[in-house]
Amino acid sequence: MNVDEIDIRTDKKIGRITLRRPKALNALTHNMCLAIEAALESWRNDTTVALIVIDAEGERAFCAGGDIAELYRAGRTGDYEYGRKFWRDEYRMNCKLAEFPKPIVSLMQGFVMGGGVGVGCHASHRVVGATTRLAMPECGIGLIPDVGATRILAQAPGRLGRYIALTGAQLGPADAIHAGFADFHIPDERWPAIIEALAQTGNVGVLQDEIVDAGSAHTLQSRPEIDALFAGRDVADILKRLENTQSDFARSALSAMAKASPLALASAFAILDAYNGGGVREALSLEYRFTHRSCEHSDFLEGIRAAIIDKDRTPKWRHRSVAELDRTAAFAMLGPLGAAELTFDQKETVK
């Protein structure tokens, strides 16, 4: 399959998926989600395809997130079903990546954010390079970390997951590996040769000889402070700890959280706190409860307006602070959806 947004094809012994929207930082569209899922299904039982390689065109980004402009336009008109359909189909694709029976190699350069994490970080062999900058900045636009990332965040060492989720901190290659979002650091210039070797051999073992030390993770050096400051019983407690700590790290974290949606912060904290070690389906199902309600009942549309549409960077959140937030508000966003709960049955086809 060859379309303007995504190139899906086979190459000798491998299936290849290449994101092709470099000018848009390879932002993920609804149709791209459906195309990736369709490719996975076609290769699942294809004996000529030994493994899958996912990469992206351009140097600036593997994928900087979902293409949310249409979500905003639909939501502003009261069409909340468009976003719900997008997230259902995206999450189903994320699940298929995580559970795929054959090896998947993802090569993630530049920005890897939001939806890009959902495409690249559920692969079995996740490669980052020197340019990789990975983040889950959703709380800053009134959403929560999603695409199954809450599973990775909940399993991160110590309180690192809370720190990444609540501040939207960007991670370089060493930090991405330390936090559990990636497996290997391989210099970007070696990637074309690696893809060719994978195509020739159909063997992921060729990656082992290319791995290079990513260096020291900044988050590893900061772990004692992260674990102490983000061990609070709720977001308000974490903010109080940050306010009472005179360090550059605490001031930076406090500044990031002060700009985020209080409802999103509380909901992100609650979903990480609720995760009990289950698989990717549990994470996606909990996340979907929030995103299903997000256009109608959260700060998401206002966050997109302020950051992407008007770009005034002055969102008017529903709650002025976490302290003023009703303790039940976050739990209401994550409550059961009844008949609308996320399922993983395929209902859409690529257009």
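As a starting point, this report considers the structure included with it. Just so it is clear, the model here is predicted, and its values are computed rather than measured.

Cut-offs and rules
Residues numbered from 1 in each chain as written. Predicted model: local features only at pLDDT ≥ 70, side-chain atom pairs only at ≥ 80, totals over all residues. Heavy atoms only, no water. Helix = DSSP H or I, 4+ residues; strand = E, 2+ residues; numbered from the N terminus. Rg over C-alpha atoms; globule rule 2.2 N^0.38 Å. Buried < 20%, exposed > 50% of the residue type's maximum accessible area, 1.4 Å probe, protein only. Areas by Shrake-Rupley, 256 points an atom, 1.4 Å probe, with all protein chains shown as cover. Lys, Arg positive; Asp, Glu negative; His and termini not counted. Charge placed at Lys NZ, Arg CZ, Asp CG, Glu CD. Contact = heavy atoms within 4.5 Å. Polar contact = N/O pair within 3.5 Å; in protein donor to acceptor, adjacent residues only side chain to side chain. Core = buried A, V, L, I, M, F, W, Y, C linked by side-chain atoms within 4.5 Å. Phe/Tyr/Trp six-rings, centres within 6.5 Å; stacked < 30°, edge-to-face > 60°. Lys NZ or Arg CZ within 6 Å of the ring centre and 35° of its normal. Axes fitted to C-alpha atoms, helices over the stretch in contact; angles between N-to-C directions. Parallel < 35°, antiparallel > 145°, perpendicular 65-115°, else oblique. Left-handed = near helix turned anticlockwise from the far one by under 90°. Nonpolar A, V, L, I, M, F, W, Y, C, P; charged D, E, K, R; others polar.

### Some points on the overall build of the chain
Check the secondary structure of the chain and you find 16 helices and nine strands. Relative to the globule expectation of 20 Å for 351 residues, the C-alpha radius of gyration of the chain, 20 Å, shows essentially globular dimensions. Principal-axis analysis of the C-alpha atoms places the extent of the chain at approximately 60 × 45 × 35 Å. Per-residue burial over the chain gives 57% buried out of 351 residues. Entry remark: accessible area of the chain is about 14,600 Å², with carbon and sulfur atoms responsible for 49%. Side-chain charges in the chain split into 41 positive and 46 negative, and the spacing between the mean points of these groups amounts to 3 Å.

### Digging into helix α15 (residues 300-309)
Extensive coverage of α15 is indicated by the burial of eight of its ten residues. Within α15, burial applies to Phe300, Leu301, Glu302, Gly303, Ile304, Arg305, Ala306 and Ala307. Looking at the packing, one finds that the buried side of α15 touches α2 (69-76), α3 (81-99) and α14 (280-297). Phi turns positive one or two residues past the end of α15, at lysine 311, with a value near 55°.

### So, the side chain of serine 247
Inspection of the secondary structure puts serine 247 in the loop between α11 (235-243) and α12 (248-258). Accessibility expressed as a relative area gives 15% for serine 247, which makes it buried. Here the side chain of serine 247 touches glutamate 225 through a polar contact of 2.6 Å, side chain to side chain.

### Things to note about the nonpolar core
If you look at soluble globular proteins, the nonpolar side chains tend to sit buried side by side. Within the largest apolar cluster, 96 residues are counted, with the highest numbers of intra-cluster contacts made by Phe181 and Phe230. Counting residues per element, this core draws most heavily on helix α13 (residues 262-274), at nine residues. With sequence-adjacent residues up to four places away left out, phenylalanine 181 is seen in contact with Met108, Val117, Cys121, Arg126, Leu134, Ala149, Ile152, Leu153, Ile164, Leu171 and Ala176.

### Section: the packing of aromatic side chains
Enumeration over the complete set of coordinates arrives at four aromatic pairs. A ring pair is formed by tyrosine 163 and phenylalanine 249, whose centres lie 5.2 Å apart and whose planes are at 40°; its orientation type is tilted. Here tyrosine 163, found in helix α6 (residues 160-167), pairs with phenylalanine 249, found in helix α12; they are 86 residues apart in sequence, far enough to count as distant. Per residue, the accessibility class of tyrosine 163 equals that of phenylalanine 249, and both read buried. Within the aromatic cluster, the residues linked to one another by ring pairs are Tyr163, Phe230 and Phe249. The positively charged end of arginine 281 is found above the aromatic ring belonging to phenylalanine 344, 4.8 Å away from the centroid.

### Thoughts on the packing of α3 against α14
For the pair α3 and α14, interaxial distance at closest approach is 10 Å and the crossing angle is 165°. Relative to α14, α3 is oriented roughly antiparallel. Like other packed secondary-structure pairs, α3 and α14 cross with a definite hand, here right-handed. Two secondary-structure elements touch here, α3 through Arg84, Trp87, Arg88, Tyr91, Asn94, Cys95, Ala98 and Glu99 and α14 through Val280, Arg281, Leu284, Glu287, Tyr288, Thr291, His292, Ser294, Cys295 and Glu296. Per-class residue counts for the contact of α3 with α14 are eight nonpolar, four polar and six charged.

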